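# Notes for the structure review
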Amino acid sequence: MNFELPKLPYALDALEPVISKQTMEFHYGKHHQAYVNNLNNLVKGTEFENADLETIVKKSEGGIFNNGAQVWNHTFYFMSFKPNGGGAPSGALAEAINASFGSFDKFKEEFSAAAATLFGSGWAWLVKKADGSLAIVKESNAGNPMRDGLTPILTCDVWEHAYYLDKQNLRPKYIEEFFSILDWDVISARY
Amino acid sequence: MAFELPKLEYAYDALEPHIDARTMEIHHTKHHAAYTNNLNGAVAGTELEGQSIEDLLANISKHSVAVRNNGGGFFNHNLFWTVMSPNGGGEPTGELAAAITKDFGSIDAFKEAFNKAAATRFGSGWAWLVKQADGKLVVSSTANQDNPLMDIADVKGTPILGLDVWEHAYYLHYQNRRPDYIGAFWNVINWDEVTRRFKV
């Protein structure tokens, strides 16, 4: 089966000024696409040739894992956004955030700190544990928390390619603005 | 004495078009400066204060993650700026060329190995030409700000050439085209400095 770059539910310029059209063109159009292409080439003739993406993320290693997880991570990341997003979650996810972090603001603070302090390339994650409680984890490079049995709820890409054209070295500014384009309906549904 | 951000021997625009002035300025005044400041902060008031960067790196497994990341970042960028020059490029000569030919088969074979190390480093990191304890030259790559002087490195030795493949090193100019950046780097390599480091 051939993996494909998912269509986005918004235009490439829809997240401006937080994420520029130029960044989207490279991040989605080049990086995400390259991971899809690499994955399709790498799985040929391997035990993962007909595997679904989640299986690849959980079970593979090396180049297949790097590209497969990057396909999954980027899709999950891009699908968390909408123009004029932001605000705060409601319902069950809001309650779980309050129970696990004390308040939405405390969650935001901890998530932002994780994203800001991840050294090198990687992802900050909000995850659901088996008992329904929430936690924040950092993963380097293509890392994905499903490999540890955790359910991803939200992720922030802190590879420099995610923000360097727009914010250069100012990663904390990117993280702060990231919250203003989140689609909490989509994110809450994951919980 | 605290570690200091070194001055560059050339202007920020001197490596254009291979490395653009804006990238150089942000890379030096923001990224390298942050590593320098954070390294000073990490050792201040500890028993590590006053140690040379080489001594810190040689025993990095005993130190904090902050010393590892920022000490590496401080040293690696110090090396990086010196192995580039507006009058760079061309090919190594003399003793260094002889050693490269002996250990890699040819200059082209070395270039190929170095390019591959730089291109295939997944995520952030560096590609290196390393002089090992027995004098042999090898190519390696390290993640993030690690380097061959660290006692935790898979390939240990003295780095004599290094290429930064963190995206911040090339993204403003080359975006996703890391191979183009790697190709351009050969036009600015300061072989005199690499040779000097080889002979030390």
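Per chain, residues are indexed from 1 in the order of the written sequence. By the order in which they are written, chains take letters starting at A while ligands take numbers starting at 1. For this predicted model, a pLDDT threshold of at least 70 governs which residues receive local features, and a threshold of 80 or more governs which side-chain atom pairs are given and counted, while totals over whole chains, interfaces and linings are taken from all residues. Hydrogen atoms and water are omitted, and side-chain values are computed over all heavy atoms in the structure.

## Comments concerning the overall build of chain B
Note the threshold: Comment: elements are numbered from the N terminus, with helices defined as DSSP H or I runs of at least four residues and strands as E runs of at least two. Throughout, radius of gyration means the C-alpha value; the globule benchmark is 2.2 Å times the number of residues raised to the power 0.38. Only protein chains enter the calculation, and the probe is 1.4 Å; a residue is then buried if its accessible area is under 20% of its type maximum, exposed if over 50%, and partly exposed in between. By the convention used here, residues are in contact when the closest approach between their heavy atoms is within 4.5 Å. The Shrake-Rupley method, run with a 1.4 Å probe, gives the accessible areas here. Residue values count only the displayed protein chains as cover. Asp and Glu are treated as the negative residues and Lys and Arg as the positive ones, with His and the ends of the chain left uncounted. For the purpose of locating charges, the reference atoms are NZ of Lys, CZ of Arg, CG of Asp and CD of Glu.
For chain B, the helix and strand inventory stands at eight helices and three strands. For chain B, the N- to C-terminal ordering of α and β elements is α-α-α-α-α-β-β-β-α-α-α. For 200 residues, the compact-globule estimate of 2.2 N^0.38 gives 16 Å, and the C-alpha radius of gyration of chain B, at 16 Å, lies within 12% of that figure. Each principal axis of the C-alpha distribution contributes one length, and for chain B these read about 50 × 40 × 30 Å. For chain B, the proportion of its 200 residues judged to be buried stands at 54%. Looking at chain B alone, contacts between residues at least 24 apart form 67% of all its contacts between residues at least 6 apart. Just so you have it, chain B exposes about 8600 Å², and 49% of that area is on carbon and sulfur atoms. Computed over 17 positive and 24 negative side-chain charges, the inter-centroid distance for chain B is 4 Å.

## Looking at the UniProt feature "domain: Manganese/iron superoxide dismutase C-terminal" (unreviewed entry) in chain A
Applied cut-off: UniProt positions are given in the numbering used here, feature names are shortened, and annotations may be inferred rather than shown by experiment.
Look at the UniProt record and you will see "domain: Manganese/iron superoxide dismutase C-terminal" (unreviewed entry) annotated at residues 89-190 of chain A. Helix makes up 43% of residues 89-190 of chain A and strand 21%. Its end C-alpha atoms lie 12 Å apart.

## Quick word on unusual backbone geometry
Residue proline 17 of chain A is reached from glutamate 16 of chain A by a cis peptide bond, and omega for that bond is 5°. Topologically, proline 17 of chain A is positioned in the segment before helix H1 (21-43). Between glutamate 16 of chain B and proline 17 of chain B the backbone carries a cis peptide bond, its omega angle lying at 5°. At asparagine 84 of chain A, a position not held by glycine, the phi torsion is positive, near 55°. Tracing the backbone shows asparagine 84 of chain A in the loop between helix H3 (62-78) and helix H4 (91-101). Residue classification places asparagine 84 of chain A among the exposed positions, given a relative accessible area of 78%. One non-glycine residue, glutamine 168 of chain A, adopts positive backbone phi at about 50°.

## Concerning the UniProt feature "domain: Manganese/iron superoxide dismutase C-terminal" (unreviewed entry) in chain B
Mapped onto this numbering, the UniProt entry annotates "domain: Manganese/iron superoxide dismutase C-terminal" (unreviewed entry) at residues 92-197 of chain B. Summarising residues 92-197 of chain B: 42% helix, 20% strand, and an end-to-end C-alpha distance of 13 Å.

## What to know about helix H4 (residues 94-104) of chain B
One full turn of an α-helix is made of 3.6 residues, so residues set three or four places apart face in the same direction. All names here are of chain B. What counts is decided by this rule: What the arc covers is the set of directions going from the helix axis to the C-beta atoms.
Inspection of H4 places Leu96, Ala97, Ala99, Ile100, Asp103 and Phe104 among the buried residues, and these make up the whole buried set. The arc that holds the buried residues of H4, viewed along the axis, is 165°, so those residues lie on one side. What points out from H4, more than 90 degrees from its buried face, is the exposed set Gly94 and Lys102. In this fold, the buried residues of H4 make contact with helix H5 (107-120), strand S1 (125-131), strand S2 (137-143), strand S3 (158-164) and helix H8 (191-199).

## Some thoughts on H5 of chain B
Residues and elements named next belong to chain B. Cut-off, in case you're wondering: To estimate the expected span of a helix, subtract one from its residue number and multiply by 1.5 Å.
Across its 14 residues, H5 extends 20 Å between first and last C-alpha, which sits within 8% of the 20 Å expected from 1.5 Å per residue. Among the residues making up H5, those that are buried are Ile107, Phe110, Lys111, Phe114, Ala117 and Ala118. Buried residues of H5, viewed axially, fall in a sector of 130°; they line one side. Set apart from the buried face of H5 by more than 90 degrees, the exposed residues are Asp108, Glu112, Lys116 and Thr120. Where H5 is buried, its residues contact H4, S1, S2, S3, helix H7 (178-185) and H8.

## Looking at the pairing of S2 of chain B
All names here are of chain B. Stated formally: For two strands to pair, DSSP has to find at least two bridges joining them.
Relative to S2, S1 runs antiparallel, the two sharing seven bridges. Bridge pairing links lysine 131 to leucine 137 in S2. Two successive antiparallel strands, S1 and S2, enclose a turn made up of five residues, where glycine 135 displays a positive phi of approximately 95°.

## Quick look at the pairing of strand S1 (residues 122-128) of chain A
Sheet faces and side chains relate simply in a regular strand, where the side chains alternate between the two faces. All names here are of chain A. Counting buried residues along S1, six of its seven residues qualify, which places the element largely inside the surrounding structure. Pairing analysis gives seven bridges linking S1 to strand S2 (residues 134-140), with the strands arranged antiparallel. Looking at S2, one finds that alanine 124 is bridged to lysine 138. Connecting S1 to the antiparallel partner S2 that follows it, the hairpin turn spans five residues, and glycine 132 within it adopts a positive phi of roughly 90°. Pairing of S1 with strand S3 (residues 151-157), which is carried by six bridges, proceeds in the antiparallel orientation. Paired with tryptophan 123 across the bridge in S3 is aspartate 157.

## Looking at the interface of chain A and chain B
Note on interface size: it is often stated as the accessible area lost on association of the parts. Inclusion rule: The quantity reported as buried area is the accessible area (1.4 Å probe) lost by two parts once they are put together, taken as the sum for both. One speaks of a salt bridge when a side-chain nitrogen belonging to Lys or Arg is within 4 Å of a carboxyl oxygen belonging to Asp or Glu. Contacts described as polar in this section are N or O atom pairs within 3.5 Å, which, within protein, must combine one atom able to donate a hydrogen with one able to accept it, while residues neighboring in sequence count only if both atoms come from side chains. Under the grouping applied here, Gly and all other residues not named as nonpolar or charged are polar, the nonpolar ones being Ala, Val, Leu, Ile, Met, Phe, Trp, Tyr, Cys and Pro and the charged ones Asp, Glu, Lys and Arg.
Contact residues are listed per partner, giving 18 residues for chain A and 19 residues for chain B. Roughly 1800 Å² is buried in total at the junction of chain A and chain B, and carbon and sulfur atoms are behind 62% of that figure. It is Phe119, Glu160 and Tyr164 of chain A in chain A that bury the most area against chain B; as a group they hold 37% of the surface buried on that side. The interface formed by chain A and chain B includes zero salt bridges. In this assembly, chain A and chain B are joined by six residue pairs in polar contact (both at pLDDT 80 or more). Looking at the side of chain A that touches chain B, the elements that each hand over two or more residues are H1, H3 and helix H6 (164-167) of chain A. With four residues, H1 of chain A is the largest single contributor of residues to the side of chain A that touches chain B. Residue classes in the side of chain A that touches chain B are distributed as seven nonpolar, nine polar and two charged.

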